[in-house]
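What follows is the residue order along each chain.
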Amino acid sequence: MYNQIAANKRRTAFLFVIVSAILIGFGWLFSQIYGDPIILPIFSAYAVINAWVGYFYSDKIALASSGAQPATLAQAPELYHLLENLTISVGLPMPKVYIIDDPAINAFATGRDPHHASIAVTSGALDKLEKVELEGVLAHELSHVQNRDILVMTVAVTLIGLLSVIAHLFWRVSFWGGRRSNSDNEGGNILMLIGLVLAILSPFIGTLIQLAISRKREYLADASGVLLTRYPEGLARALEKIEHDNNQLRSASAATAHLYIANPFKGAGSFWQGLLATHPPIVDRIRRLRAMGD
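Basis of the calculations
Residues numbered from 1 in each chain as written. Predicted model: local features only at pLDDT ≥ 70, side-chain atom pairs only at ≥ 80, totals over all residues. Heavy atoms only, no water. Helix = DSSP H or I, 4+ residues; strand = E, 2+ residues; numbered from the N terminus. Buried < 20%, exposed > 50% of the residue type's maximum accessible area, 1.4 Å probe, protein only. Contact = heavy atoms within 4.5 Å. Core = buried A, V, L, I, M, F, W, Y, C linked by side-chain atoms within 4.5 Å. Pairing = 2+ DSSP bridges. Axes fitted to C-alpha atoms, helices over the stretch in contact; angles between N-to-C directions. Parallel < 35°, antiparallel > 145°, perpendicular 65-115°, else oblique. Left-handed = near helix turned anticlockwise from the far one by under 90°. Nonpolar A, V, L, I, M, F, W, Y, C, P; charged D, E, K, R; others polar. pLDDT = per-residue confidence, 0-100. Phe/Tyr/Trp six-rings, centres within 6.5 Å; stacked < 30°, edge-to-face > 60°. Lys NZ or Arg CZ within 6 Å of the ring centre and 35° of its normal.

### Concerning the side chain of E133
Within the secondary structure layout, E133 lies in helix α5 (residues 131-146). Residue classification places E133 among the buried positions, given a relative accessible area of 2%. Setting aside chain neighbours within four positions, we find E133 in contact with K128, G234, R237, A238 and K241.

Okay, here's the thing in structure tokens:
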């Protein structure tokens, strides 16, 4: 667990460095293409602001984009009691509790550390999961908190969204904004070509980073969650219900998909969709959980 915590801290620092480098790199390209040196310090300042916002507010961004609403003890007493018992058993602070009004079965954890953690559960999970199954899901999400997965997972949301915005901005400016300098020489054209290639590849780079931090941590959270409940069958049955649930989470996006306990998008059956999936196959996760029980 401590090795995983240290690794996640390194991944978080890596993400911040990557985002800042990409922003500053695009700032340099824009300043060269348009012949305006003020563009570079503007992008550099934005890189600092983005890192600050990503660290302190990425969890709020993830919750808001998912449509999660704060839940009270009176609204979801079983959810509160199960989560409270689990946090006491593992010695963690009680996370804030949110509910996503959606019939799909899913959940995610977010926050920069255990003292600023939140767990969001869909109304479908509350309606369709039995007590031991819901406990297995909560233990899985609490394990993300304990293993310090939540910061690196949540920061990735802002990274992927930011890369998409940069790609869109550069694409629009390249074709509609014109060039104030270097437009008549080969160097300016080369810079424009490099910028376009980077703009096209940036979202793909974000996706690769997302995949690199997503799959392995799901197996770890499954195993850590079972250590909390001592009942692997509960989480296995919950994953089975998620697998056979035909509802697709309406508020999910490509930027937030990796946060959830299972892929919120249904029907991902092709080879390339499976290759780029943010989660390992549910069938494989269930098999591993039941092997633990055996």
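Right, picking up where we left off after that structure.
### Concerning the nonpolar core
By size, the foremost hydrophobic cluster in this structure holds 35 residues, and its most contacted members are V121 and L138. Every element with two or more residues in this core is listed here: α3 (77-90), β2 (96-100), β3 (107-111), β4 (117-122), α5, α8 (232-244) and α10 (282-293). A per-element tally of this core places α5 first, with 6 residues. Among all residues touching L138, those that are not within four sequence positions of it are L79, L82, L83, L86, I119 and V121. Counting residues in hydrophobic clusters, the runner-up holds 12 residues, among them A62, L63, A104 and Y260.

### Some details on the sheet that holds β3
Strand order in this open sheet of 4 strands is β1-β2-β4-β3, and the pairing throughout is mixed. The sheet is open, and its two edges are formed by β1 (68-70) and β3, each paired on a single side. Across the sheet, the mean angle from the axis of one strand to that of its neighbour is 30°, orientation sign disregarded. Where β3 and β4 come together, 5 bridges link them in antiparallel fashion. Looking across to β4, one finds that T110 is bridged to S118.

### What about the packing of α3 against α5?
Packing of α3 against α5 leaves a shortest axis separation of 10 Å and a crossing angle of 45°. With respect to α5, the axis of α3 lies oblique. Of the two possible hands of crossing, α3 and α5 adopt the one that is right-handed. In this structure, α3 contributes E78, L79, L82, L83, L86, T87 and V90 to the contact, and α5 contributes K131, L134, E135, L138, A139, L142 and Q146. In terms of residue class, the contact of α3 with α5 is made up of 9 nonpolar, 2 polar and 3 charged.

### Some details on the pairing of β4
In terms of burial, β4 is largely enclosed, as 6 of its 6 residues are buried. Residues A117, I119 and V121 point to one face of β4 and S118, A120 and T122 to the other, with burial holding for every one of them. Hairpin remark: β3 followed by β4, antiparallel, with 5 residues in the connecting loop.

### Section: the side chain of H140
Within the secondary structure, H140 sits in helix α5. Relative accessible area serves as the criterion here: at 0%, H140 is assigned to the buried category. Those residues in contact with H140 that sit more than four places away from it in its chain are E218, A221, D222, G225, L235, I261 and R285.

### Focus: the confidence of the model for the protein
Summarising the model, the protein shows a mean pLDDT of 80, and 71% of its residues fall at 70 or more. Across the protein, the secondary-structure element scoring lowest on mean pLDDT is helix α9 (residues 271-275), at 46, and the one scoring highest is β2, at 97. Counted against residues more than four places away or in other chains, residues 180-184, with its pLDDT under 50, gives 11 contacts. A low-confidence stretch, residues 269-273 (pLDDT under 50), is modelled with 2 contacts involving residues beyond four sequence positions or located in other chains.

### Side note on the packing of aromatic side chains
The full count for this structure, using the stated rule, is 3 aromatic pairs. For the pair F108 and Y260, a centre-to-centre distance of 5.0 Å together with 75° between the ring planes defines the contact as edge-to-face. In this pair, F108 is assigned in strand β3 and Y260 in the loop between α8 and α9, connecting sequence segments 152 residues apart. One exposure class covers both F108 and Y260, and it is buried. Among the aromatic residues, those joined into a ring-pair cluster are W52, F56 and Y57. Above the ring of Y219, the side-chain terminus of R288 is found at 3.7 Å from the ring centroid.

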